[in-house]
Amino acid sequence: MTFDPRKIRVGDTMPVLALAPISRTTLALFAGASGDHNPIHIDIDFAHKAGMKDVFAHGMLSMAYLARALAEWVPQRRVLRYGVRFAAITQLGDRIQCSGKVVEKLDHDGRPCARIELTVAKRSGEVTLAGEALVALD
Amino acid sequence: MIDKKHIGYAPPAVLWDVEKGRIAFFAKVIGLTDPIHTDDVAARAAGYRGIVAPPTFIFGAPGDSGETMKLIETLEIDLGKVLHGEQRFDYHAPVCAGDTLRFESRVSDIYDKKGGALEFVVNGTKVTNQLGEHVADLHSVIVVRHG
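Values in this document were obtained by computation on a predicted structure and should not be read as measured data.

Participant: Please explain unusual backbone geometry as it appears in this structure.
Facilitator: Peptide bonds are trans in most cases, and residues, glycine excluded, mostly fall at negative phi. Residues other than glycine seldom take positive phi values, yet Asp 109 of chain A does so here, at roughly 50°. With respect to the helices and strands, the residue Asp 109 of chain A is situated in the loop between strand S3 (96–108) and strand S4 (111–122). The backbone of Lys 114 of chain B shows a phi angle near 55°, a positive value even though the residue is not glycine. Counting through the fold element by element, Lys 114 of chain B comes out in the loop between strand S3 (100–113) and strand S4 (118–128).

This is how it looks when you write it as structure tokens:
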């Protein structure tokens, strides 16, 4: 559904963004692009020593994908606040998808805004990221 | 246990250059194809000062500067036990290629749950640019899991 700030209503949904299975290549590239070089995401030996079965995705990778899904719907300059809680670890091979729904229209610092509830979930339905954005409608 | 004396820990401000090549790389990795992230003309046509950083791009600064690792070392946290708990951005002005941003961060709280099995470090960062604009605030919670 096209985002029209004059017509947006509670219950409107953001187009779903379904992503390819998480790969080691993506984690390596995201480490470089994001500046997060924590070896837990790129070095299986380090992950083993830390008691994990394998490397796992950066939480910020999912947050970046979710921001992409939002930005492909709402122009970035309208986004006033974007926050998430990381609920579960995303493993290699997981297929995640990003979704969102307008849950409230409100005033924020004197500006008309919509509050959009945002979710990243695995195919199993397990939620990995739960968050929200405030977008300006003026 | 993380010593609560670190509440209030505020390292010196960090300056971070916003590079267009890095923005293009970041956009490509996450599949953002809007030309405002790669093409100066498209970005200006869309009303920006220049190529626009994607929404979470500025989180790269504390990693690049070594600030994240320094915080983990200062608080004597085992890196292998760290998880990102929460992250929030409040945006006040666009961040564009060519900007030099200033990051001022402070640990605002340290607490634990489940009898110390989980510890939480709350960090807030004010981001300003070379024009003196307050561009964003970052709110981060890191989780340290024991056992």
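Participant: Can you walk me through the interface of chain A and chain B in this structure?
Facilitator: By a widely used convention, the size of an interface equals the accessible area lost when the partners come together. If you look at the interface, chain A gives 30 residues, while chain B gives 27 residues. At the level of secondary structure, the elements contributing two or more residues to the side of chain A that touches chain B comprise helix H1 (24–34), helix H3 (59–71) and strand S2 (79–86) of chain A. Looking at the side of chain A that touches chain B, its residues break down into 16 nonpolar, eight polar and six charged. Where S2 of chain A meets strand S2 (residues 82–91) of chain B, five bridges bridge the pair, whose relative direction is antiparallel. For Tyr 82 of chain A, the partnering residue across the bridge sits in S2 of chain B and is Phe 89 of chain B.

Participant: Would you explain helix H1 (residues 20–30) of chain B in this entry?
Facilitator: An α-helical turn contains 3.6 residues, so any two residues separated by three or four positions project in the same direction. When we look at burial in H1 of chain B, the residues that qualify are Ile 23, Phe 26, Ala 27, Val 29 and Ile 30 of chain B. Along the long axis of H1 of chain B, the arc covered by the buried residues comes to 165°, so they all point the same way. For H1 of chain B, the secondary structure elements touched by its buried residues are H1 and H3 of chain A. Following H1 of chain B by one or two positions, Gly 31 of chain B adopts a phi angle in the positive range, close to 80°.

Participant: What is the right way to look at the nonpolar core in this model?
Facilitator: It is characteristic of soluble globular proteins that their nonpolar side chains tend to be buried jointly. With 62 residues, the main nonpolar core has Tyr 65, Leu 66 and Leu 70 of chain A together with Ala 53, Ile 58 and Leu 101 of chain B as its most contacted residues. It is H3 of chain A that contributes the most residues to this core, ten residues altogether. Ignoring sequence-local partners within four residues, the contact set of Ile 58 of chain B consists of Ala 53, Val 95, Leu 101, Val 127 and Ala 136 of chain B. Val 107, Ile 110, Val 121 and Ile 142 of chain B belong to the second-largest nonpolar core, a separate cluster that totals five residues.

Participant: What exactly am I supposed to notice about the environment of Ile 7 of chain B here?
Facilitator: Residue and element names in this part refer to chain B. Within the element layout of this structure, Ile 7 appears in the segment before strand S1 (14–17). Considered as a pair, Ile 7 and Pro 54 are 47 residues apart in the sequence and their alpha carbons are 31 Å apart. Discounting chain neighbours no more than four positions away, the residues touching Ile 7 are Val 107, Asp 109 and Ile 110.

Definitions and cut-offs
Residues numbered from 1 in each chain as written. Chains lettered and ligands numbered in written order. Predicted model: local features only at pLDDT ≥ 70, side-chain atom pairs only at ≥ 80, totals over all residues. Helix = DSSP H or I, 4+ residues; strand = E, 2+ residues; numbered from the N terminus. Contact = placed C-beta atoms within 7 Å. Nonpolar A, V, L, I, M, F, W, Y, C, P; charged D, E, K, R; others polar. Pairing = 2+ DSSP bridges. Buried ≥ 20, exposed ≤ 12 C-beta atoms within 10 Å, placed from the backbone. Arc of directions from axis to C-beta. Core = buried A, V, L, I, M, F, W, Y, C linked by C-beta atoms within 7 Å.

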